[in-house]
Amino acid sequence: MTSKGRKKTSRRGFIQGVAISTAAVGAAELLKKEVADAASPGQDQAIPLQSTEFDFIQKSAALEPDKIIDSACQFCNSLCRLKVHLKDGRIIDVLGEPNDPVQAGGFCIKGPMMTQLVYNRFRLKSPMKRVGGNKGDSNSKFEPISWDEALSIIASKFLALRDAGLARAIANKTSGRLPRGTGSLVGRYFSLLGSPNNTDVGPVCNDAGGNALAWTFGLGNFTNGYGIDDATKKEDLGSAKFLLFLGTNQAETHPVTFAYLLRSRVQTKAKLVVIDPRLTPTGAQADEWIAPKPHTDLALVLGMLYHIVTNNLYDAAFVKKWVLGFDELKNHLKSSGYTPEWAAKVTDVPASKIRLLAEAYAKTKPAAIFCNAGISHQLGAFDTYRCLTFLAAITGNIGIPGGGCNFMHNTWPGELKLPAIIGKTPSKDIALPVGPDYFAESIISGEPYQLKAIVTQGNPLLACSDTIKVQQAYRQLEFYVYTGLFMEESAYYADIILPVTSGFEMETVYMRRDDRAIRWQEQVVTPVGESKPDWHIWIDLAHATAKLDKRNPPEYWRDNFPDSWKDYRHLWATFVANTPAMGGMTQQRLSQRTEPLRWPCPTVDHPGVSTLYLDHASWYEAASALNPDNIGKRFLTPSGKVEIYTPQLQSRLAEAGHSALPSFYTHPEVIGKHPTIEYTSELVKNPVNPQALTQNIKLGKISSGKVHKQYPLMGITGRSSVVHFHSVTHWTYTGKQMNGVRLVQIHPEAAKKAGIKNGDEIIVESPRGAITGTALLWSGIREDTIFVPGWFGPGQKMAEEFGTPYYESVNILIDKQYYDNLSGQQAFKCFACRVKKA
Ligand SMILES: Nc1nc2c(c(=O)[nH]1)N[C@H]1C(S)=C(S)[C@@H](COP(=O)(O)OP(=O)(O)OC[C@H]3O[C@@H](n4cnc5c(=O)[nH]c(N)nc54)[C@H](O)[C@@H]3O)O[C@H]1N2
Ligand SMILES: Nc1nc2c(c(=O)[nH]1)N[C@H]1C(S)=C(S)[C@@H](COP(=O)(O)OP(=O)(O)OC[C@H]3O[C@@H](n4cnc5c(=O)[nH]c(N)nc54)[C@H](O)[C@@H]3O)O[C@H]1N2
Ligand code: SF4
Ligand SMILES: [Mo]
């Protein structure tokens, strides 16, 4: 790389300009200094090699790379290409891709931290089996074993359960990351075995957004794209004139794509409104920051819809041509009395503000909505997202560049397809409810049936709610296989531990950008120890199963899992050949590009789709490649129109206690008296996830507010900062150094009432349990709300290097019974609590 390229992508430039800049603070003027102060330490710590404007690395005999490999970051959905510099086979530096206009050479502090996943003394290096100790205890003893032994132990356990008629008691659970396509191999293995309980990360993460998009528009994906649309040669999201963010802190969670939006905004002067109970570095960039009561966004959106509908602010021509159910929506809003005044009482946002927001959104076209975990992690997630799709639909903000419902992490078309299975597979039972934490329920209660063997990807002991119950369940579980990079909390419960490779150790397609885009990444270094990428593990497990299965001939397993798939190029070519509307996404094409390529993309001449539902030949071509039934359709619903209300939608949703036109309800631990949710013991078929059961519900019972007598505050959870990615970065040097202390954000007035000062050690208690942290007084948070960051855990040994504390999981505080019975999303973002000095 030239010195010019290097200068352009210097870390200082990026971190100052992008990740935590305070240059454009608008509405949050008051808090400017607070944010700037919080930001400045990071700026100085994030400059590794170079700190002057001159490039002294050029012609440095020691530091000039002898090879640069195009890999990619395995962390967030900004999907940065990382140009990895090697000297003598060792990684010496990591830079961004300057020739991708969205990335623009950028990356955040976590990009270079990928190297610390490779060079790390805590990495798991060989498979291990339990030889002593109690499950979950630090006295657990493990001994290294060969891959052959590990996989035959797993295969024989699975076969024994299957032969006893208990195939459904075997489950795979993903709460974390996996290379693309691995899920298809896991699904295939489970089909051969006959178990329905193979889940992916969706219900933990952001499935509700995709579910709502699919029900209203036809496809469950992020609707628009970053950068130029190659079909029209015009900017897509970069042309938005209004950006409405709900429950997304992109400055810390998707910094590089957020920086792209901010760069575009300099040209377009787009208004940015951020809705979040606390001020984040994202809100600090906004023209307006609005802080509703947690878990009340549904009311805010209903109030906005009311104002738009009753004041004729909607796009009448678009509604007439493309929308089904507008009149029903209008009647519903009116008869329910969802006025801005009503919404103001629920959300604590003034009615005048709700009206102005509704007007600004409706009148400024194109307007793009962005949402993420702040909406997904609510018990009314599906219904809230559906109402947000109505906002876009009635204002004609769907199927146009710069608009849409950009519900993050709903990027890719479900499962990548493999050829049909050879041979006859056993029939499967109905799956357990998709709620991420129903697993624990099933183990503890045995209802509707008990899980007995689980493989996980991710760290459920930190990531799932009601940690104490999860601990109890995994202690009780008959057989547990943990896969991961480190000896994380969950590993202590395992019978078998399998080491996996990190992103730089494989040639693959690991992550995807939110806008359905992917890029090819080359292998940088050889795998650490005996670690394997996940797709190798499942192919090898199938072959180990072939040797032991007495019911089926070995070919049943071997022919369905050819060894050639271990070569990711071969596996990818198989996906390209079998997955609808993916024929243009060949490895050769991906490798040649500096930018990622978007799905759907049916042929090698097709540019890939940026704006879904765009009235353009490239969209119609892609839509018909997805399914021949789509020929001539713009929206991919049964009617070919945007479906707000139809009698069919209504009757399907009513089966699980919901309605096509949502009424307001919320978590019973939200302060005040609100309509809420009751879960019945009746299990019904889930209309949104028809492969699974779900609990039926009743909506509308008014909460008593009793819990707030003892627990007067509300807690919300989320990402601690740009530095950490879930739990995995807590095993890196930079992660623990920069953000090794759990900082609990609390308003100065609330702190004063509890006798707490900035920097005090505090205890946060909820009806479920207690955790510790350090008070961070923050006037940018509601007085009735505290923010507790997730993924600090008791097993994170890197803490020793810095003398930082070991922490219990934040999920001790959260009640697992509250979830969205349609999407399965857990209500991670709400718990009643109190704080005191430790
Ligand atoms: N309270 C609260 N809880 C939450 C959330 C919240 O906001 N609040 N967010 C939820 C969300 S959105 C998510 S996505 C989850 C994430 O929660 P986690 O399950 O913690 O996700 P990760 O950190 O991605 O997974 C960590 C583990 O995955 C391993 N790992 C890393 N790469 C790979 C790989 O390629 N293969 C395999 N097999 N293992 C790998 C690491 O070693 C580590 O053991 O947490 C959820 N839990
Ligand atoms: N640095 C970093 N980046 C990440 C990740 C990471 O762990 N670290 N994880 C990745 C993954 S898997 C995910 S799912 C995304 C998550 O990305 P985000 O959704 O941006 O992250 P969160 O911090 O979980 O939640 C976003 C915001 O929701 C707010 N919030 C909480 N309750 C409510 C509410 O009731 N209403 C509203 N409107 N807002 C609320 C929180 O204050 C928080 O600022 O990030 C991805 N990127
Ligand atoms: S974490 Fe996200 S923004 Fe940061 S380098 Fe990785 S992909 Fe880019
Ligand atoms: Mo997530």
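Worth saying up front: this structure is predicted, and the values here are computed from it rather than measured.

Draft legend 1. Region of the structure containing the sheet that holds strand E1 (residues 67–72). Strand order across the open sheet formed by 3 strands is E1-E2-E3, with antiparallel pairing between neighbours. Each having just a single partner strand, E1 and strand E3 (90–96) make up the two edges of the open sheet. Each strand axis lies, on average, 30° off the axis of its neighbour in the sheet, ignoring direction. Here strand E2 (residues 81–87) runs beside E3; their pairing, made up of 6 bridges, is antiparallel. In the strand pairing of E3, Leu-86 is matched with Ile-91. Against the sheet, helix H4 (residues 110–118) contacts E1, E2 and E3, and its axis sits at roughly 160° relative to E3.

Draft legend 2. Structural detail: the environment of Arg-593. As for its position among the elements, Arg-593 is in the loop between helix H23 (587–592) and strand E20 (597–598). Judged by its relative accessible area of 19%, Arg-593 is buried. Along the chain, Arg-593 and Leu-86 lie 507 residues apart, while their C-alpha atoms are 22 Å from each other. Among residues more than four places away in sequence, those in contact with Arg-593 are Arg-81 and Asp-230.

Draft legend 3. Spotlight on the packing of aromatic side chains. Following the criterion strictly, the structure yields 38 aromatic pairs and no others. Ring geometry for Phe-318 against Phe-635: centres 6.4 Å apart, planes inclined by 85°, an arrangement best described as edge-to-face. Here Phe-318, found in helix H11 (residues 316–322), pairs with Phe-635, found in the loop between helix H24 (617–626) and strand E21 (642–643); they are 317 residues apart in sequence, far enough to count as distant. Pair check on accessibility: Phe-318 and Phe-635 agree, each one buried. Geometrically, the ring pair formed by Phe-792 and Tyr-807 is edge-to-face, given 5.4 Å between the ring centres and 80° between the ring planes. In this pair, Phe-792 sits in the loop between strand E28 (785–789) and helix H29 (799–802) while Tyr-807 sits in the loop between H29 and strand E29 (831–837), placing the two residues 15 residues apart along the sequence. Considered together, Phe-792 and Tyr-807 belong to a single accessibility category, that of buried residues. Each residue in the set Phe-158, Tyr-189, Phe-190, Phe-479, Trp-538, Tyr-556 and Trp-557 is aromatic and connected to the rest through ring pairs, giving one cluster. Looking at Arg-90, its charged tip hangs above the ring of Tyr-119, at a distance of 4.1 Å from the centre. Above the face of the Phe-787 ring, Arg-278 is positioned so that its terminal group lies 3.6 Å from the ring centre.

Draft legend 4. Examining the site of ligand 1 more closely. Inspection of the region around ligand 1 gives 33 residues, with Ser-175, Glu-488, Tyr-510, Asp-534 and Asn-811 positioned closest. Take Ser-175: an N or O atom from its side chain is 2.5 Å from an oxygen atom of ligand 1. Ser-727 is positioned such that a nitrogen or oxygen atom in its backbone is 3.4 Å from an oxygen atom of ligand 1. Compared with its free state, where it exposes 910 Å², ligand 1 has 99% of that area covered by protein. Broken down by secondary-structure element, the contributors of at least two residues to the shell around ligand 1 are strand E16 (479–484) and strand E24 (713–718).

Draft legend 5. Representation of the domain arrangement of the protein chain. Taken domain by domain, the protein chain comprises domain 1 (3–118), domain 2 (128–194 + 414–588), domain 3 (207–408) and domain 4 (710–837). Averaged C-alpha coordinates put domain 2 and domain 3 at centres separated by 36 Å. Each partner contributes to the interface: domain 2 provides 4 residues, whereas domain 3 provides 9 residues. Roughly 540 Å² is buried in total at the junction of domain 2 and domain 3, and carbon and sulfur atoms are behind 53% of that figure. Of all residues in domain 2, Asp-514, Asp-515 and Arg-516 bury the most surface against domain 3, accounting for 84% of the area lost on that side. Put simply, domain 2 and domain 3 have 0 salt bridges between them.

Draft legend 6. Quick look at the pattern of salt bridges. Taken as a whole and judged by the stated rule, the model has 33 salt bridges. Here Arg-551 ties to Asp-163 by a salt bridge, and the two come within 3.4 Å at their closest N and O atoms. Here Asp-163 lies in helix H5 (residues 147–163) and Arg-551 lies in the loop between helix H20 (534–548) and helix H21 (554–558), a separation of 388 residues in the sequence. A salt bridge links Glu-341 to Arg-355, with the nearest nitrogen and oxygen atoms 2.1 Å apart. Residue Glu-341 is found in helix H13 (residues 340–347), and its partner Arg-355 is found in helix H14 (residues 351–363); the two are separated by 14 residues along the sequence. Linked through salt bridges whose partners overlap, the residues forming this network are Asp-70, Arg-81, Lys-83 and Glu-97.

Draft legend 7. Local environment of the site of ligand 2. Around ligand 2, the structure places 33 residues, and the nearest of them are Asp-276, His-295, Asp-297, Arg-719 and His-724. Take His-295: an N or O atom from its main chain is 2.7 Å from an oxygen atom of ligand 2. His-726 has a polar backbone atom sitting 2.9 Å from an oxygen atom of ligand 2. Protein contacts shield 99% of the accessible area of ligand 2, which totals 910 Å² for the unbound molecule. For the shell around ligand 2, the elements supplying multiple residues, two or more each, are helix H8 (250–253), helix H15 (373–376) and E24. Here the shell around ligand 2 is built from residues that sort into 9 nonpolar, 16 polar and 8 charged. Each of two domains, domain 3 (207–408) and domain 4 (710–837), supplies a minimum of three residues to the shell around ligand 2.

Draft legend 8. How the structure looks around the UniProt feature "domain: 4Fe-4S Mo/W bis-MGD-type" (unreviewed entry) in the protein chain. The sites that UniProt annotates as "domain: 4Fe-4S Mo/W bis-MGD-type" (unreviewed entry) are residues 66–122. This span, residues 66–122, is 16% helix and 35% strand, and a straight line between its end C-alpha atoms measures 28 Å.

Here is what the cut-offs are and how they apply
Positions within a chain are numbered from 1, following the residues in the order the chain's sequence is written. Ligands are numbered from 1 and chains lettered from A, in the order in which they are written. Owing to the predicted nature of the model, reporting of local features is limited to residues with pLDDT of at least 70; listing and counting of side-chain atom pairs is limited to 80 or more, with chain, interface and lining totals taken over all residues. Excluding hydrogens and water, the side-chain figures rest on all heavy atoms present in the structure. Should DSSP find at least two bridges between two strands, the strands are taken to pair. Numbering of helices and strands starts at the N terminus; helices are DSSP runs of H or I of at least 4 residues and strands are runs of E of at least 2. Note on geometry: axes are C-alpha line fits, over the in-contact stretch for helices, and angles between N-to-C directions span 0 to 180 degrees. Residue contacts are counted whenever heavy atoms from the two residues lie within 4.5 Å of one another. Relative accessible area decides the class of each residue, using a 1.4 Å probe on protein chains only: under 20% of the type maximum gives buried, over 50% gives exposed, and in between gives partly exposed. Stacked, edge-to-face and tilted labels apply to pairs of Phe, Tyr and Trp rings (six-membered ring for Trp) whose centres lie within 6.5 Å, assigned for plane angles under 30 degrees, over 60, and everything in between, in that order. Over a ring means this: the NZ of a Lys or the CZ of an Arg is within 6 Å of the ring centre and within 35 degrees of the ring normal. Whether a residue is near a molecule or strand depends on its heavy atoms: if one lies within 4 Å, it is near. Polar contact criterion, stated in full: a pair of N or O atoms within 3.5 Å, where within protein one must be able to donate a hydrogen and the other to accept it, and residues adjacent in sequence count only if both atoms are side-chain atoms. Surface exposure here means Shrake-Rupley accessible area, sampled with a 1.4 Å probe, where a residue is shielded only by the protein chains that are shown. For the purposes of this description, domain bounds are those given by an automatic or database domain assignment. Defined here as a combined quantity, buried area equals the accessible surface (1.4 Å probe) lost by two parts on assembly, summed across both. In the sections that follow, a salt bridge refers to a side-chain nitrogen of Lys or Arg positioned within 4 Å of a carboxyl oxygen of Asp or Glu. Ten residues, namely Ala, Val, Leu, Ile, Met, Phe, Trp, Tyr, Cys and Pro, are considered nonpolar, four, namely Asp, Glu, Lys and Arg, are considered charged, and the remaining ones, Gly among them, are considered polar. UniProt positions are given in the numbering used here, feature names are shortened, and annotations may be inferred rather than shown by experiment.

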